[in-house]
Amino acid sequence: MSDFETLPDSITITRPDDWHLHLRDGATLASVLPHSARQFGRAIVMPNLKPPVTTAAAAVAYRDRILAALPAGMAFDPLMTLYLTNNTPPDEIVRAQESGVVHAVKLYPAGATTNSDAGVTDIANCYKTLEKMQEVGMPFLVHGEVTDHDIDLFDREAVFIERVMRPLRRDFPALKIVFEHITTKDAAQYVAEAEGPIAATITAHHLLYNRNEIFKGGIRPHYYCLPVLKREEHRLALVTAATSGDERFFLGTDSAPHAQGAKEAACGCAGCYTALHAMELYTEAFARAGALDKLEAFSSFNGPDFYDLPRNTGTITLKREQWTLPDLLPMADAQVVPLNAGETINWKMV
Ligand SMILES: NC(=O)N[C@@H](CC(=O)O)C(=O)O
Ligand SMILES: [Zn+2]
Ligand SMILES: [Zn+2]
């Protein structure tokens, strides 16, 4: 817990953005969107729908559905992404660029995570398309885990750096890459030291929790996400990276709603729902690190700077005030259990 004596009563920062968000579609989208729109000005919207968003036309249509689901009076700018497949043609990158609403292309290694079945089986299949992305300046967002069966689940990210990331960046040194939701000291160090245009998003839950949280007193499915929480040494490295002031690290919640029944199951889905209270969680993580002065750049400046977008105008304020998270939130015709359900947290967005 934070040391209340030395902390300010409130903190006001430029309105932040979420550079990694799952909004889903249909009735689920309508349920979760207001939470993100309340906290963030914009979000990079992940394309792992069923079926995935693989074309510029599909991204434009998805964006229209998001805007239609936005409650009147809320301002929110969804930044769309394409789901890369083995067969995405280079022309689709041109169409995406020309659409004006697609801001990046996402790599899901096939089998790595939720709705990744249509993902890439071998990045070599995508080289022509990656060349086009490099040429037009389209950022490449990477779920950085190998899926080889001989690799331990907890080592998937570190092995990805050696087997995929280094060769990829050697072959495309000018391609803008975001290493999404990094979870290891290996990834933090790689991003901090690499040459060229690379950045990383970091979730609030990977800043606050290590893998013990998944097994505390029993198996706790709401702390299960991918890449899975790691050892404490990795969490500490992520906190150091996020609070360092290095502009390569920025906010991406990876808020990933799954219905309660899909998580509390014999084979539960991966994903933590944090859209309701993301800024509260990031503020807590930065406060514990004694680095509240670094929260604004991480949350509101480094992301737009990397994506060549203007920073938001306007501000948000977080008050140091305890409140208790609901146990459940309505979602479509079911419910979602937010991370920290029923727990009391120390900051409240006003
Ligand atoms: N992070 C997760 O555990 N799940 C995400 C997918 C992803 O970001 O890998 C989801 O879409 O549910
Ligand atoms: Zn992912
Ligand atoms: Zn994600």
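Just so it is clear, the structure is predicted and the values come from calculations on it, not from any experiment.

Novice: Quick question: what am I supposed to make of the environment of His222 here?
Specialist: Looking at the secondary structure, you find His222 in the loop between helix 7 (204-208) and helix 8 (232-242). With 10 residues separating them along the chain, His222 and Asn212 place their C-alpha atoms 13 Å apart. For His222, the contacting residues outside a window of four places in its chain are Lys263, Glu264, Cys272, Val337 and Leu339.

Novice: What is the right way to look at the coordination of the zinc ion (ligand 3) in this model?
Specialist: Octahedral metals with six donors have ideal donor angles of 90 or 180 degrees. Tetrahedral metals with four donors have an ideal donor angle of 109.5 degrees. Donor atoms from the polypeptide that bind the zinc ion (ligand 3) are His20 (NE2), His22 (NE2) and Asp254 (OD), placed at 2.0 Å. Coordination at the zinc ion (ligand 3) is tetrahedral, judged from the four donor atoms that bind it and the angles of 94 to 134 degrees they form at the metal. Here the donor residues of the zinc ion (ligand 3) share one chain and are spaced in sequence as H-x1-H-x231-D. In this structure the zinc ion (ligand 2) is found 3.8 Å away from the zinc ion (ligand 3). A residue pair is termed long-range when its members are at least 10 positions apart, and His20 in strand 2 (residues 18-21) and Asp254 in the loop between strand 9 (249-251) and helix 9 (260-263) qualify at 234 residues. A residue is classified by how much of its surface remains accessible, and Asp254, at 6% relative accessible area, is buried.

Novice: Quick question: what am I supposed to make of the nonpolar core here?
Specialist: Soluble globular proteins tend to pack their nonpolar side chains together in the buried interior. Counting 99 residues, the largest nonpolar core has Leu23 and Phe140 as the members making the most contacts within it. Here the element with the most residues in this core is helix 10 (residues 278-288); it accounts for seven residues. In this view, Leu23 contacts Thr28, Leu29, Val32, Leu33, Ser36, Val45, Tyr62, Ile66 and Phe76; residues no more than four positions away in its chain are not counted. Met46, Leu79, Tyr108 and Leu141 belong to the second largest nonpolar core, which has 14 residues in total.

Novice: Just to check I follow, could you spell out the site of ligand 1 for this structure?
Specialist: Around ligand 1 sit 15 residues in total, of which Asn48, Thr113, Leu226, Asp254 and His258 are the nearest. A distance of 3.1 Å separates an oxygen atom of ligand 1 from a polar side-chain atom of Thr114. Within the complex, 100% of the 310 Å² of free accessible area of ligand 1 lies under protein. Taken atom by atom, the bulk of ligand 1 overlaps the largest cavity. Tallied by class, the residues present in the shell around ligand 1 amount to four nonpolar, nine polar and two charged.

Novice: Whenever I open this one, the UniProt feature "modified residue: N6-carboxylysine" (unreviewed entry) in the protein confuses me. Can you help?
Specialist: Sequence positions flagged by UniProt for "modified residue: N6-carboxylysine" (unreviewed entry) are, in local numbering, Lys106. Looking at the secondary structure, you find Lys106 in strand 5 (residues 102-107). In this structure Lys106 comes out as buried when scored by relative accessible area, which is 0%. Apart from the residues lying within four places of it in its own chain, the contact partners of Lys106 are His20, Met46, Pro47, Leu82, Tyr83, Leu84, Phe140, Leu141, Val142, His143 and Glu180.

Novice: What's the story with helix 10 in this structure? I'm lost.
Specialist: Because an α-helix packs 3.6 residues into every turn, residues spaced three or four apart end up facing the same way. When you tally the buried positions in helix 10, you get 10 out of 11 residues, the bulk of the element. Among the residues of helix 10, Ala278, Met279, Glu280, Leu281, Tyr282, Thr283, Glu284, Ala285, Phe286 and Ala287 are the ones counted as buried. At the exit of helix 10 stands Gly290, carrying a positive phi of roughly 65 degrees.

Novice: I would appreciate a short explanation of empty space enclosed by the protein in the present structure.
Specialist: Where empty space is left in the structure can be found by rolling a water-sized probe over the atoms. As enumerated under the stated definition, the model contains two cavities of 30 Å³ or more in all. Its boundaries defined by the atoms lining it, the largest cavity holds a volume of some 110 Å³. For the largest cavity, the lining is made up of 17 residues, of which His22, Thr113, Leu226, Asp254 and Ala256 are closest to its centre. In terms of residue class, the lining of the largest cavity is made up of five nonpolar, nine polar and three charged. Estimates place the volume of the second largest cavity at around 40 Å³. In terms of lining residues, the second largest cavity is bounded by His222, Ala256, Pro257, His258, Lys263, Gly271, Cys272, Tyr273, Val336, Val337 and Leu339. A per-class count over the lining of the second largest cavity returns seven nonpolar, three polar and one charged.

Cut-offs used in this document
Within each chain, residues carry numbers counting from 1 in the order of the written sequence. Chain labels run from A onward and ligand labels from 1 onward, assigned in the order the entries are written. Since the coordinates come from a predicted model, pLDDT governs what is reported: local features require at least 70, and pairs of side-chain atoms require 80 or more to be given and counted, while whole-chain, interface and lining totals use all residues. With hydrogens and water excluded, all non-hydrogen atoms of the structure serve as input to the side-chain values. A run of H or I in DSSP counts as a helix once it spans at least four residues, and a run of E counts as a strand once it spans at least two, with each numbered from the N terminus. Note on contacts: a residue pair qualifies if any of its non-hydrogen atoms lie within 4.5 Å across the two residues. Note that water is not among the atoms used; donors are N, O and S atoms within 2.8 Å of the metal (3.2 Å for Na, K and Ca), so sites may look incomplete. Site shape is set this way: if four donors have all angles between 85 and 135 degrees, tetrahedral; if opposite donors are over 155 degrees apart and all others between 65 and 115, square planar for four donors and octahedral for six; otherwise irregular. Burial status follows relative accessibility: with a 1.4 Å probe on protein chains alone, a residue under 20% of its type maximum counts as buried, one over 50% as exposed, and anything between as partly exposed. The term nonpolar core refers to a set of buried residues drawn from Ala, Val, Leu, Ile, Met, Phe, Trp, Tyr and Cys, joined through side-chain atoms within 4.5 Å. One heavy atom suffices: a residue is near a molecule or strand as soon as one of its heavy atoms comes within 4 Å of it. N or O atoms closer than or at 3.5 Å make up a polar contact, with two conditions inside protein: a donor-capable atom paired with an acceptor-capable one, and, for residues adjacent in sequence, both atoms drawn from side chains. Each accessible area value is a Shrake-Rupley result obtained with a 1.4 Å probe; residue values ignore everything except the protein chains displayed when judging cover. Any residue with an atom within 4 Å of a point lines the site, the site being either a cavity, points on a 1 Å grid over the protein atoms alone where a 1.4 Å probe fits but cannot get out, or a pocket, an open set with protein on both sides within 12 Å along at least 5 of 7 lines. A molecule is said to be in a cavity or pocket once over half of its atoms fall within 2 Å of that pocket's grid points. All residues other than Ala, Val, Leu, Ile, Met, Phe, Trp, Tyr, Cys, Pro, Asp, Glu, Lys and Arg, Gly among them, are scored as polar; the first ten of these are nonpolar and the last four charged. UniProt positions are given in the numbering used here, feature names are shortened, and annotations may be inferred rather than shown by experiment. Grid points are joined across faces, edges and corners, and a volume is the space filled by probe spheres set on the points.

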